[in-house]
Amino acid sequence: MTDQTRPPFRLNNSELWTGVLGIALGVFVIRSGLKLKLGTINDPGSGFMLFYIGLLMCAFAVTIILASVTEGGPTFGSRWEGASWGKPGAIIVILSAYAFALEPLGFLISTIPLMLVLLRVIDPVRWTLAIPLAVLAPLSVWWVLKRGLLIQLPSGMFEIG
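Residues numbered from 1 in each chain as written. Predicted model: local features only at pLDDT ≥ 70, side-chain atom pairs only at ≥ 80, totals over all residues. Heavy atoms only, no water.

(A) Here's a closer look at the domain arrangement of the protein. Domains assigned within the protein are domain 1 (14-80) and domain 2 (85-149). A C-alpha centroid distance of 34 Å is found between domain 1 and domain 2. (Domains from an automatic or database assignment.)

Encoded structure:
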């Protein structure tokens, strides 16, 4: 690539800063793995996987930085042009309400309406599909967690589940 076709280096390149953040996160994961002790390949310690995952994260982040420097990248402002905040805001409100309702109402009674609202309001699905999904998915998850894996879920004031 010649100097005439190479994009100019810009500090507001969002991919450059994403790569820098990726390296910082990778270094944190590497350090956490080292604190937990690596062990050997035949007798891995608890930090073995963390250490090597951190190395991979750093390697991927370096490739992102190199690509952003050589090929350029979008600015921070261009990433958010035309972004619609209605649905993400609604999801935050709905999930916050779910978090407050989970303990007093229990897993099943709070998750079924959550699923129904998400399926009908956020990404509209016809009722004939939304209702069975909203009921069967939480029941299946409840059965696997409660009966299969013996994980205790909140049953709420109605003691359902």
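There is more to say after this.
(B) Region of the structure containing a nonpolar patch on the surface. A cluster of nonpolar side chains, namely W127, I131, V135, L136 and L139, defines an oily patch on the protein surface of about 450 Å² accessible area. Topologically, W127 is positioned in helix 6 (residues 127-148). The partly exposed category is assigned to W127, whose relative accessible area is 47%. (Patch = residues over 30% accessible without salt bridge, like charges linked within 9 Å, V, L, I, M, F, W, Y side chains within 5 Å. Areas by Shrake-Rupley, 256 points an atom, 1.4 Å probe, with all protein chains shown as cover. Salt bridge = Lys/Arg side-chain N within 4 Å of Asp/Glu carboxyl O. Helix = DSSP H or I, 4+ residues; strand = E, 2+ residues; numbered from the N terminus. Buried < 20%, exposed > 50% of the residue type's maximum accessible area, 1.4 Å probe, protein only.)

(C) The arrangement of the UniProt feature "domain: DUF1468" (unreviewed entry) in the protein in detail. Mapped onto this numbering, the UniProt entry gives "domain: DUF1468" (unreviewed entry) at residues 19-154. The distance separating the terminal C-alpha atoms of residues 19-154 is 40 Å; by composition the span is 76% helix and 0% strand. (UniProt positions renumbered as here; feature names shortened; annotations may be inferred.)

(D) Geometry of the nonpolar core. Core analysis: the largest hydrophobic core is formed by 8 residues, namely I94, Y98, F107, L108, L114, I122, W142 and L153. Those elements giving two or more residues to this core turn out to be helix 4 (86-105) and helix 5 (107-122). Broken down by element, this core gets its largest block of residues, 4 residues, from helix 5. Once residues lying within four places of it in the same chain are set aside, the contact partners of L153 are F107, W142, L145 and K146. (Core = buried A, V, L, I, M, F, W, Y, C linked by side-chain atoms within 4.5 Å. Contact = heavy atoms within 4.5 Å.)

(E) Seen up close, helix 6. Across its 22 residues, helix 6 extends 30 Å between first and last C-alpha, which sits within 8% of the 32 Å expected from 1.5 Å per residue. Buried within helix 6 we find A130, A134, P138, W142 and K146. Structurally, helix 6 contributes buried residues whose contacts are with helix 5. (Expected span 1.5 Å × (residues − 1).)

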